[in-house]
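Understanding the architecture of this molecule
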Amino acid sequence: MCCRGKQSPHWRGWVADRDIASRLGALTQARIGLARTGQSLGTSAALDFELAHARARDAVHASFDTTSLHTAFGCCGVIEVHSQAMDRGTYLQRPDLGRRLAPDDRAKMLPTGADLAIIIADGLSATAVAHHAVPLLTALLPHLTLFRIAPIIAAHQARVALGDDIGEAVGAKLCLMLIGERPGLSAADSLGAYITWGPRCGRRDSERNCVSNIRPPHGLGYTAAANRIAWLLGEAKSRQLTGVDLKDESGSARIGPLSSPLQS
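The structure presented is a predicted model; accordingly, all values stated were derived computationally and were not measured.

1. Details of the nonpolar core
Counting 40 residues, the largest nonpolar core has Leu116, Ile120, Leu137, Leu176, Ile214, Ile229 and Leu233 as its most contacted members. The set of elements that each furnish at least two residues to this core consists of α3 (67-73), β4 (116-121), α6 (126-140), β5 (152-156), β6 (174-180), β7 (191-197), β8 (208-214) and α8 (222-239). Discounting chain neighbours no more than four positions away, the residues touching Ile229 are Leu136, Leu140, Leu176, Ala193, Ile195, Val211 and Ile214.

2. Focus on the side chain of Asn209
Along the polypeptide, Asn209 turns up in strand β8. The class for Asn209 is buried, based on a relative accessible area of 9%. With near-sequence residues (within four places) excluded, Asn209 lies in contact with Ala193, Tyr194, Ile195, Leu232, Thr242, Gly243 and Leu246.

3. Re unusual backbone geometry
Negative phi characterises most residues that are not glycine, and trans characterises most peptide bonds. Here Pro216 and Pro217 are connected by a cis peptide whose omega angle stands at 5°. Relative to the elements of secondary structure, Pro217 occurs in the loop between β8 and α8. Backbone geometry at Gln157 places phi at a positive 55°, although glycine is not the residue there. By the secondary structure assignment, Gln157 is in the loop between β5 and α7 (162-170). With a phi close to 60°, Gln240 is a non-glycine residue in the positive phi region. Position of Gln240 among the secondary structure elements: in the segment after α8. Gln240 gets classed as exposed once you look at its relative accessible area, which sits at 53%.

Calculation notes
- Residues numbered from 1 in each chain as written.
- Predicted model: local features only at pLDDT ≥ 70, side-chain atom pairs only at ≥ 80, totals over all residues.
- Heavy atoms only, no water.
- Core = buried A, V, L, I, M, F, W, Y, C linked by side-chain atoms within 4.5 Å.
- Buried < 20%, exposed > 50% of the residue type's maximum accessible area, 1.4 Å probe, protein only.
- Helix = DSSP H or I, 4+ residues; strand = E, 2+ residues; numbered from the N terminus.
- Contact = heavy atoms within 4.5 Å.

Taken by themselves, the reported measurements are silent on function.
This is how it looks when you write it as structure tokens:
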């Protein structure tokens, strides 16, 4: 019996599933609806996975090159410091050392009486910092006219909590840490922004606000991230708190264009 021109229900279901997977795949970098060969991934999907894994490893082990920071903000002063983890291997094995400032660098942290200390740190992805820190900060600074800002600090081998140590050392009321986030298999260059009121050693993560996944075009764009960070900084200064008690309502607020030089 000839069944030319007809399709079995199983064939039609497979085509429908592939169509749905294709449309969903256009909306996300997540691995969905991957083709397979027998019980294994198809060659293309397997090679893509290995490439993403290699990029994530490279991001974790990449060196923090501060040249672009000095080029963009050197006229205002960029101070380089290290955590107590003096090499990458130690940093990965001893997170506690990445949270404390190296003793020799503490002398560089002179009290300024600033409202805000901005730290740019390599974290777990120096690649993210290289791609996004300068354009994000360029978009953010025009919103900070109400803040006296200390010289920008570039921190090597840093964890988020290193901002508490630095902020306390310079006597800042607020700390903004821009740091490379842990790479995933679809995002090796995601930048995070952590905001802490009254930075000091011993602050808990629940006492911070975080703006995550800053990495256009696949994540949060620079303008949107700058607006959200500026709103959180303004509210933190007004209410004198951050963390679980400060809810992000920046989506309903209007943030106008402002300007602010860095404090010398």
